[in-house]
Amino acid sequence: METPSNPPMGTPEPNQPMSPPPDNNLVWAILCTVLCCMPLGIVSIIKSTQVKELWLKGDTAGAQKAANDAKKWAIWGAVIGPVIYILFLVVYFLIFGLYALGSY
Amino acid sequence: MLLEATKTLKIALIFTVLGGFILIYYFFNPSTNFFLPCPIYYTTGFYCPGCGSQRAIHLLLHGNIIGAFRFNPLMVLTLPLLIYGLGITVANWIFGTSYRFMLFYSKLFIFGYFGIAILYWVLRNLPFYPFNLLSPSG
C-alpha cells in the first residue's frame, strides 16, 4: 500500500521531488460523508484526486494548493451541515412557538 | 524544550477529545438522548449515507457489532480505514512527520468509495426488501 509506482529504469523524471506528496486530506472528506455533509464533501474529493497528479507532474505548488483546497472544502462541509441544521431548528421552534402562542 | 511542551500539549488534547467522545457515546444512547439527529433526515425525510452512525457508534462501543451493522453498514465498514487515516493524520500533526496512507491517493479507491456511497444513499431509501435492510431502522 505504501509503495509508489516506480518509474522505468533509465528515464529520469523531470524535477521529481523525492519527498511524499502533500496530505490530500481525503480522510476528512470520508468523515464528512459518513457524517452526512455530502455536497461540499464532493468538492473536497475532486481536489483530493488532483493532489497526486499535480505532484507527479512536479507541480509542487499546485499540489499543495489542491491539498489545502481539499481541506478547506471538507471543513466547510463539516461546519455548514450542523449550522444549517441549527438554523432550521431555530426557525422551526420559532414558528411552532408562535403557533402555540396563537392557539391559546 | 518548547517543542516538547507543545508535543505534550497536543497529545493531551487528542486524549481529551478522544476520551470525551468515547465517554459520551458510551454512556448516552443517541436514539433516546439529546443528540442531534441527521439534518438531512430531519429536513427531507430521506436517509443519508451517515444516518444511523451515532447509534452504530454507541452499539460498537458496547461490543454489539451486528447491531451497529444494522444501523449503518457503510460506516462500520469504513471505520477501520477512518481510524487508520485519522491515526496517521494525528501522528503527523503531533510529531511533525509526513506519513501518507497511499490508498487515499488511488483514483480507483476514491471514485470507487464515493460511487458506493452515492449508490448506498439511493438504495437505503428504497422501502422494500432487501434494500430496507440498509436503512438505519433495519
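Residues numbered from 1 in each chain as written. Chains lettered and ligands numbered in written order. Predicted model: local features only at pLDDT ≥ 70, side-chain atom pairs only at ≥ 80, totals over all residues. Heavy atoms only, no water.

A. Quick look at the overall build of chain A. A tally of helices and strands in chain A yields three helices and zero strands. Listing the helices and strands of chain A from first to last along the sequence gives α-α-α. Each of the 104 residues in chain A was classed as buried or not, and the buried ones make up 32%. Counting contacts in chain A only where the partners sit at least 6 residues apart, residues at least 24 apart contribute 65% of the total. Counting every atom, chain A has about 6,600 Å² of accessible surface; 74% of that belongs to carbon and sulfur. (Helix = DSSP H or I, 4+ residues; strand = E, 2+ residues; numbered from the N terminus. Buried < 20%, exposed > 50% of the residue type's maximum accessible area, 1.4 Å probe, protein only. Contact = heavy atoms within 4.5 Å. Areas by Shrake-Rupley, 256 points an atom, 1.4 Å probe, with all protein chains shown as cover.)

B. Here's a closer look at unusual backbone geometry. The omega angle of the peptide bond from B:Tyr129 to B:Pro130 is 0°, so this bond is cis rather than trans. As for its placement among the helices and strands, B:Pro130 is situated in the segment after α6 (107–123). With a phi close to 60°, A:Asn25 is a non-glycine residue in the positive phi region.

C. How the structure looks around the interface of chain A and chain B. Each partner contributes residues to the interface: chain A has 28 residues there, and chain B has 34 residues. Of the roughly 3,000 Å² buried at the junction of chain A and chain B (both faces included), carbon and sulfur atoms supply 78%. Applying the counting criterion to the chain A and chain B interface returns one salt bridge. Along the contact surface separating chain A from chain B lie five residue pairs in polar contact (both at pLDDT 80 or more). Breaking the side of chain A that touches chain B down by element, the ones donating at least two residues are α1 (26–34), α2 (38–56) and α3 (60–103) of chain A. (Buried area = accessible area lost by both parts, 1.4 Å probe. Salt bridge = Lys/Arg side-chain N within 4 Å of Asp/Glu carboxyl O. Polar contact = N/O pair within 3.5 Å; in protein donor to acceptor, adjacent residues only side chain to side chain.)

D. Up close: empty space enclosed by the protein. In the structure shown here, the tally under the stated rule is one cavity of 30 Å³ or more. The computed volume of the largest cavity comes to approximately 90 Å³. For the lining of the largest cavity, the elements supplying multiple residues, two or more each, are α1 of chain A together with α5 (73–95) of chain B. The biggest single contributor to the lining of the largest cavity is α5(B), with four residues. Its residues placed into classes, the lining of the largest cavity shows seven nonpolar, five polar and two charged. (1 Å grid on protein atoms, 1.4 Å probe; cavity = no way out; pocket = protein on both sides within 12 Å on 5 of 7 lines; lining within 4 Å. Points joined across faces, edges and corners; volume = space filled by probe spheres on them. Nonpolar A, V, L, I, M, F, W, Y, C, P; charged D, E, K, R; others polar.)

E. Inspection of the confidence of the model for chain B at higher detail. Of all residues in chain B, 97% have pLDDT values of 70 or greater, and the mean over the chain is 86. Within chain B, the lowest mean pLDDT, 76, falls on helix α2 (residues 39–44) of chain B, and the highest, 91, falls on α5(B). (pLDDT = per-residue confidence, 0-100.)

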